[in-house]
Amino acid sequence: MELLSLHYDVSGTDFTCAGEASSKIKRNLKELGFPASVVRNVAIAVYEGEINLVIHGGGGVIDVEISPECISIVLADQGPGIPDVALAMQEGYSTAPDNVRQLGFGAGMGLPNIKKYTDEMIIETEVGKGTTIRLKVFVK
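Residues numbered from 1 in each chain as written. Predicted model: local features only at pLDDT ≥ 70, side-chain atom pairs only at ≥ 80, totals over all residues. Heavy atoms only, no water.

Trainee: Sorry, what's going on with the overall build of the protein here?
Mentor: Along the backbone of the protein there are five helices and five strands. When its helices and strands are written in sequence order, the protein yields β-α-α-β-β-α-α-α-β-β. Relative to a compact globule of 140 residues, whose C-alpha radius of gyration would be 14 Å, the protein shows 14 Å and is just as compact. Counting only C-alpha atoms, the protein reaches 45 × 30 × 25 Å along its principal axes. Within the protein, the fraction of its 140 residues that count as buried is 44%. Partitioning the intrachain contacts of the protein with sequence separation of at least 6 by distance along the chain shows that 62% fall at a separation of at least 24. Accessible surface, the protein: about 7500 Å² in total, of which carbon and sulfur atoms supply 50%. In the protein, the 12 positive side-chain charges and the 18 negative ones have mean positions that sit 6 Å from each other. (Helix = DSSP H or I, 4+ residues; strand = E, 2+ residues; numbered from the N terminus. Rg over C-alpha atoms; globule rule 2.2 N^0.38 Å. Buried < 20%, exposed > 50% of the residue type's maximum accessible area, 1.4 Å probe, protein only. Contact = heavy atoms within 4.5 Å. Areas by Shrake-Rupley, 256 points an atom, 1.4 Å probe, with all protein chains shown as cover. Lys, Arg positive; Asp, Glu negative; His and termini not counted. Charge placed at Lys NZ, Arg CZ, Asp CG, Glu CD.)

Trainee: Would you mind showing me how to read the pattern of salt bridges here?
Mentor: Note that side chains of opposite charge can pair when their charged atoms are close. Taken as a whole and assessed by the stated rule, the structure comprises two salt bridges. For Lys140, the salt bridge is made with Asp119, and the minimal N-O distance between the two is 2.8 Å. Residue Lys140 is located in the segment after strand 5 (130-138), and its partner Asp119 is located in the loop between helix 5 (110-116) and strand 4 (120-126); the two are separated by 21 residues in the primary sequence. For Lys140, a relative accessible area of 74% translates into the label exposed. Classification of Asp119 as partly exposed rests on a relative accessible area of 34%. Note that Glu124 is salt-bridged to Arg134, the shortest N-O span being 3.0 Å. Residue Glu124 is found in strand 4, and its partner Arg134 is found in strand 5; the two are separated by 10 residues along the sequence. (Salt bridge = Lys/Arg side-chain N within 4 Å of Asp/Glu carboxyl O.)

Trainee: Help me understand the sheet that holds strand 2 (residues 59-66) in this model?
Mentor: The antiparallel open sheet is built from five strands, whose spatial order is 1-2-3-5-4. One side of each edge strand has no neighbouring strand; the edge strands of this open sheet are strand 1 (4-11) and strand 4. Neighbour-to-neighbour, the strand axes of the sheet open up by a mean angle of 10°, direction not taken into account. As judged from the six bridges shared by strand 2 and strand 3 (residues 70-76), these two strands associate in the antiparallel manner. (Pairing = 2+ DSSP bridges. Axes fitted to C-alpha atoms, helices over the stretch in contact; angles between N-to-C directions.)

Trainee: When you look at the side chain of Ser67 in this model, what are you seeing that I'm missing?
Mentor: Turning to its location among the elements, Ser67 is positioned in the loop between strand 2 and strand 3. Residue classification places Ser67 among the buried positions, given a relative accessible area of 14%. Ignoring sequence-local partners within four residues, the contact set of Ser67 consists of Met1, Leu3, Phe34 and Val139.

Shown next, in the form of structure tokens:
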């Protein structure tokens, strides 16, 4: 298998579309025959990131590179940035507005779950300019 690259634009205004990219990535990985554990981990991490793009980033992009050894994911937005990454990584900490919480989102588990289900996670953020999260899930 040669390197496969996927790109998704994520709207920041439509919760009904949130999760579409992660579902498509999950389907691709299944069709390519990746182990169920890898498919699950990637799907969870991308879903959490995709929801964060909608809630906090005003939308953004998801780029995925699939190789036999590793799934690399980049989630990028031009939102407000994360003022305190250490605080944002704490389970239960959330800056989601009340209207988002009323929809069942914003429990403060997004970034912790992304870290839990990936092998590498790098957060690059600048307040007022946006956030890029680079993830890797290794095929074991």
